[in-house]
Amino acid sequence: MKVSARSTVIAFSFIACLLALALPASAGCTASLTCSNSCEIIGYECPAPSCCIFSCVAPVQQISCSGTTSCTVGSNYVNCDGGQYNCASQQCFENGDFIQCGSTKKYCNDPNCAPC
């Protein structure tokens with residue numbers, strides 16, 4: 001019996017397709033967490049000679065990551081393939097000449113602050 005080259009190619013292609021279907025696909029993973037770190041500063045009065053009164057709010061943080069093999073969620077962190085991302089322990093700060101909530105900073109020397 002003589003086997004043609006075309007038949008051989010078709011047979012090997014069929015076997016390759018079966019093997020590809022049998023192997024698991026790498027789906028990856030994701031981890032996400034809603035932190036418990038919202039805060040607000042209400043009615044902060046800048047020191048003299050400024051007459052500014054500021055307020056600000058920082059909502060809860062959302063952190064997430066994607067990985068190929070390992071994704072875990074802790075009480076205040078997510079970890080994907082060994083890379084860890086943490087919730088900020090504090091988001092609101094008062095520092096004499098400014099206040100900060102999250103990424104928003106308000107400075108007492110702002111041009112909109114009139115001297116008393």
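Rules of the game
Residues numbered from 1 in each chain as written. Predicted model: local features only at pLDDT ≥ 70, side-chain atom pairs only at ≥ 80, totals over all residues. Heavy atoms only, no water. Helix = DSSP H or I, 4+ residues; strand = E, 2+ residues; numbered from the N terminus. Buried < 20%, exposed > 50% of the residue type's maximum accessible area, 1.4 Å probe, protein only. Contact = heavy atoms within 4.5 Å. Areas by Shrake-Rupley, 256 points an atom, 1.4 Å probe, with all protein chains shown as cover. Core = buried A, V, L, I, M, F, W, Y, C linked by side-chain atoms within 4.5 Å. Pairing = 2+ DSSP bridges. Axes fitted to C-alpha atoms, helices over the stretch in contact; angles between N-to-C directions. Phe/Tyr/Trp six-rings, centres within 6.5 Å; stacked < 30°, edge-to-face > 60°. Lys NZ or Arg CZ within 6 Å of the ring centre and 35° of its normal. Disulfide = S-S within 2.5 Å. Polar contact = N/O pair within 3.5 Å; in protein donor to acceptor, adjacent residues only side chain to side chain.

To continue, consider the overall build of the protein chain. Each helix and strand in the protein chain was counted, giving 1 helix and 10 strands. When the helices and strands of the protein chain are read in sequence order from the N terminus, they spell out α-β-β-β-β-β-β-β-β-β-β. Among the 116 residues that make up the protein chain, the fraction classed as buried is 24%. Taking the intrachain contacts of the protein chain between residues at least 6 apart in sequence as the baseline, contacts between residues at least 24 apart amount to 56%. Here the protein chain displays about 8,400 Å² of accessible surface, and carbon together with sulfur accounts for 57% of that area.

A separate point is the nonpolar core. One finds Ile-41, Tyr-44, Cys-46, Cys-52, Phe-54, Cys-56, Ala-58, Cys-92, Ile-99, Cys-101, Cys-108 and Cys-113 forming the largest nonpolar core, which totals 12 residues. Elements with a minimum of two residues in this core: β2 (39–45), β3 (53–58) and β9 (98–101). A total of 3 residues in this core trace back to one element, the largest contributor, which is β3. Once residues within four sequence positions are removed from consideration, Cys-56 is found in contact with Glu-40, Ile-41, Ile-99, Gln-100 and Cys-101.

One open sheet accounts for 3 strands, arranged β5-β6-β7; its pairing is antiparallel. Each having just a single partner strand, β5 (71–73) and β7 (83–86) make up the two edges of the open sheet. Here the average twist between neighbouring strands, direction ignored, is 15°. With 4 bridges connecting them, strand β6 (residues 77–80) and β7 associate as antiparallel partners. Within the sheet, the bridge partner assigned to Tyr-77 lies in β7 and is Asn-86.

Scanning all chains against the criterion turns up 1 aromatic pair. Lys-105 extends its terminal NZ or CZ atom over the ring of Phe-98, reaching a point 4.5 Å from the ring centre.

Turning our eyes to something else, we now look at the state of the cysteines. Two cysteines joined by a covalent bond between their sulfur atoms form a disulfide. Taken as a whole and assessed by the stated rule, the structure comprises 6 disulfides. Between the sulfur of Cys-46 and that of Cys-108 lies a disulfide, 1.9 Å long from S to S. In this structure the cystine formed by Cys-46 and Cys-108 twists about its S-S bond by roughly -80°; its chirality is therefore left-handed. Here Cys-46, found in the loop between β2 and β3, pairs with Cys-108, found in the segment after β10 (104–107); they are 62 residues apart in sequence, far enough to count as distant. Here Cys-46 matches Cys-108 in class, with each residue buried.

The subject of this paragraph is the side chain of Gln-100. The residue Gln-100 is located in strand β9 in this model. Exposure remark for Gln-100: the relative accessible area of 18% places this residue in the buried category. A distance of 2.8 Å separates a polar side-chain atom of Gln-100 from the backbone oxygen of Gly-102. Apart from residues lying up to four places away in sequence, Gln-100 is in contact with Ile-41, Cys-56, Gln-91, Cys-92, Phe-93 and Lys-105.

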